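Residue-level listing of the chains:
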Amino acid sequence: MSISFTNLGPADGDNALFVVVNTGQSQHPLMFDCGEGCASELKKSDLQSVEHLCFSHFHMDHISGFDSFFRNNFNRENSIVNVWGPEQTIDVMHHRFRGFSWNLHHDQPGEWKVHEISDNEFHAAKFVTSEAFEIVHPLSSHEIAEGVIISNPAYSIEVRILNHGTTPSIAYKIKECDRSNVDMPKLTAQRLKPGPWLKQVTSTTIADSETFELDGKTQTVGNLRAEFLIKTPGESLAYLTDFCLTDAERGGVIEWIRGTDTLICEAQYRHSDLDLALRNHHSTTQLVGEIARDAEVGELVLQHVSRRYSKAEWLEMLSETQAVFPNTRFPAHWDLA
Ligand SMILES: [Zn+2]
Ligand SMILES: [Zn+2]
């Protein structure tokens, strides 16, 4: 019943993001980028349960920590490891997988599904540990409708391709599915007791059309849901890093993240270094503040700040963004103040 997140990496190092969608019944860990040291900050159990590892792009500061992730997951037993990224992801991952001398792999479990996102479709390939990741098994391509790459009963993930100079950078938006809570006062008023029937009503795997007996009457699950469940919209989070928007692209991105609860965004340069930011296809403090303000997001969390600045300057950068969008902060663990 929430989306929680942990920014990974220090102010003066690589950054990444760990997200958990918690439905109340199940937890769904996701990871966005994997810079140096980022995977090792996570508990082993978290790292080994990541459902989707989503790369924005493959500049070194976003993939240098992948070996730690791989070492903890190469022979995962119970679930497939999913990797997402821009064009070339299958090739890049194949090289990473094959960057070791493999032995003792023949009887190991482990299956990886690697997806690369282009304009309106994604291509995928399967790799298995028992083959030492040698063979690329191509899987069918899928059209990406309205940006949605993943949709399940707990959450969806949408993507948008941003411009980062010589490589695209994929932005990700995670939406928790709308939540349904039981209207307990209504239940009490109608003298109905909670019981197994309520489990069926709240279950995400039972269809509206199914029927059962309640108080001697045949009821459809759908009718009971309409009567006793209160819908609340799920939470949302967007992750945008390493990009530079043209005026034409800006409006589209703002509409795409409009109303998102949390925006995690790069703030690589001070706005006084705008020329440098444009040259390196990055954003500035002021530009990301304007995006957050115009998209009316709930909160803006800045990461991926340039190491060219001092600690005092990073604090000034935060103030620059807060001047445009007050509800902005750095990751709590940076502890810069
Ligand atoms: Zn980059
Ligand atoms: Zn970067």
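**Student:** What am I meant to see in the overall build of the chain here?
**Tutor:** Per the secondary structure count, the chain includes 11 helices and 19 strands. Relative to the 2.2 N^0.38 estimate, which gives 20 Å for 337 residues, the radius of gyration of the chain is 22 Å and therefore close to what a compact globule would have. With respect to the three principal axes, the spread of C-alpha positions in the chain is 70 × 55 × 35 Å. Here the chain, with 337 residues, has 37% of them falling under the buried criterion. Long-range contacts, defined as pairs at least 24 residues apart, comprise 60% of the intrachain contacts of the chain with a sequence gap of at least 6.

**Student:** Please clarify how the sheet that holds strand β11 (residues 167–176) should be interpreted in this entry.
**Tutor:** Spatially, β9-β10-β11-β16-β17-β18-β19 is the arrangement adopted by the 7 strands of the open sheet, whose pairing is mixed. One side of each edge strand has no neighbouring strand; the edge strands of this open sheet are β9 (148–151) and β19 (328–329). Both strand β10 (residues 155–164) and β11 contribute to a ladder of 10 bridges, which runs antiparallel. By the bridge assignment, S156 is partnered in β11 with K175.

**Student:** Honestly, the packing of helix α10 (residues 285–295) against helix α11 (residues 311–324) in this entry has me stumped. Any pointers?
**Tutor:** Packed helices, taken two at a time, are described by the angle their axes make and the gap between the axes. Relative to each other, α10 and α11 sit at 30°, their axes nearing to 8 Å. For the pair α10 and α11, the crossing hand works out as right-handed. Every residue of α11 that contacts α10 at T285, Q286, V288, G289, E290 and R293 is listed here: M317, E320, T321 and V324.

**Student:** Explain unusual backbone geometry here, please?
**Tutor:** Glycine aside, negative phi is the norm for most residues, and most peptide bonds take the trans geometry. The residue A132 is not glycine, and still its phi comes out positive at about 55°. Mapped onto the secondary structure, A132 falls in the loop between β7 (121–128) and β8 (137–143). Its identity as a non-glycine residue notwithstanding, H281 has a phi of 60°, on the positive side. Checked against the element boundaries, H281 lands in the loop between α9 (274–279) and α10.

**Student:** Hey, could you run me through helix α4 (residues 89–97) in this one?
**Tutor:** One turn of the α-helix equals 3.6 residues, which is why residues spaced by three or four share an orientation. For α4, every residue scored as buried is listed here: T89, I90, V92 and M93. Buried residues of α4, seen end-on, are gathered within an arc of 165° and therefore sit on one face of the element. The secondary structure elements touched by the buried residues of α4 are β5 (81–86), β6 (111–117) and β7.

**Student:** Help me understand the domain arrangement of the chain in this model?
**Tutor:** Frequently, the measure chosen for interface size is the accessible area removed from exposure when the parts meet. Domain parsing of the chain yields domain 1 (1–177 + 235–240), domain 2 (179–232) and domain 3 (244–330). When each unit is reduced to the centre of its C-alpha atoms, the spacing between domain 2 and domain 3 is 45 Å.

**Student:** Help me understand the environment of V50 in this model?
**Tutor:** With respect to the helices and strands, the residue V50 is situated in the loop between α1 (44–47) and β4 (52–54). Note on V50: 26 C-beta atoms within 10 Å, which makes it buried. Sequence spacing of V50 and H28 is 22 residues, and the spatial spacing of their C-alpha atoms is 7.3 Å. Beyond its immediate chain neighbours, meaning those up to four positions away, V50 contacts P29, L30 and M31.

**Student:** Would you mind going over the packing of helix α8 (residues 247–257) against α10 with me for this structure?
**Tutor:** The N-to-C vectors of α8 and α10 enclose an angle of 55°; their axes lie 8 Å apart at closest approach. One way to sum up the angle between α8 and α10 is to call them oblique. Both α8 and α10 take part in a crossing whose hand is right-handed. For the pair α8 and α10, the contacting residues are V253, I254 and I257 in the first and I291, D294 and A295 in the second. Split into classes, the residues belonging to the contact of α8 with α10 amount to 5 nonpolar, no polar and 1 charged.

**Student:** Hey, could you run me through the sheet that holds β6 in this one?
**Tutor:** Whenever strands of a sheet pair, they do so through backbone hydrogen bonds, lying parallel or antiparallel. If you trace the 8 strands from one edge of the open sheet to the other, you get β1-β2-β3-β4-β5-β6-β7-β8, paired in mixed fashion. Edge positions in the open sheet fall to β1 (2–8) and β8, since each of these has one partner strand only. The sheet shows a mean angle of 20° between the axes of neighbouring strands, direction not considered. Relative to β5, β4 runs parallel, the two being bridged by 3 bridges. Paired with C54 across the bridge in β5 is W84. Set on the sheet, α4 makes contact with β5, β6 and β7; between it and β6 the angle comes to about 145°.

Cut-off values and rules
- Each residue is numbered by its place in its chain's sequence as written, counting from 1.
- Ligands are numbered from 1 and chains lettered from A, in the order in which they are written.
- Reporting in this predicted model follows two pLDDT cut-offs: at least 70 for local features of residues, and 80 or more for side-chain atom pairs to be given and counted; totals over whole chains, interfaces and linings ignore these cut-offs and use all residues.
- Strands are runs of DSSP state E lasting at least two residues, helices are runs of H or I lasting at least four, and both sets are numbered from the N terminus onward.
- Just to be clear, the radius of gyration here is over C-alpha atoms, and the globule rule we use is 2.2 Å times residues to the power 0.38.
- Any residue with 12 or fewer other C-beta atoms within 10 Å of its own C-beta is exposed, any with 20 or more is buried, and the rest are partly exposed; the C-beta atoms used are placed from the backbone.
- The contact rule is simple: place each C-beta atom from the backbone, and if two of them lie within 7 Å, those residues are in contact.
- Note on pairing: DSSP must find at least two bridges between two strands before they are called paired.
- Helix axes use the C-alpha atoms of the stretch in contact, all axes being lines fitted to C-alpha atoms, and the angles between their N-to-C directions lie in the range 0 to 180 degrees.
- Note on convention: near helix rotated counterclockwise from far helix by under a right angle means a left-handed crossing. Clockwise means right-handed.
- Working definition: the arc comes from the directions between the helix axis and the C-beta atoms, pointing outward to the latter.
- Note: domain ranges come from an automatic or database domain assignment.
- Just so you know how the angles are binned, under 35 degrees is roughly parallel, over 145 roughly antiparallel, 65 to 115 roughly perpendicular, and the rest oblique.
- Charged residues are taken to be Asp, Glu, Lys and Arg, nonpolar residues to be Ala, Val, Leu, Ile, Met, Phe, Trp, Tyr, Cys and Pro, and polar residues to be all remaining types, Gly included.

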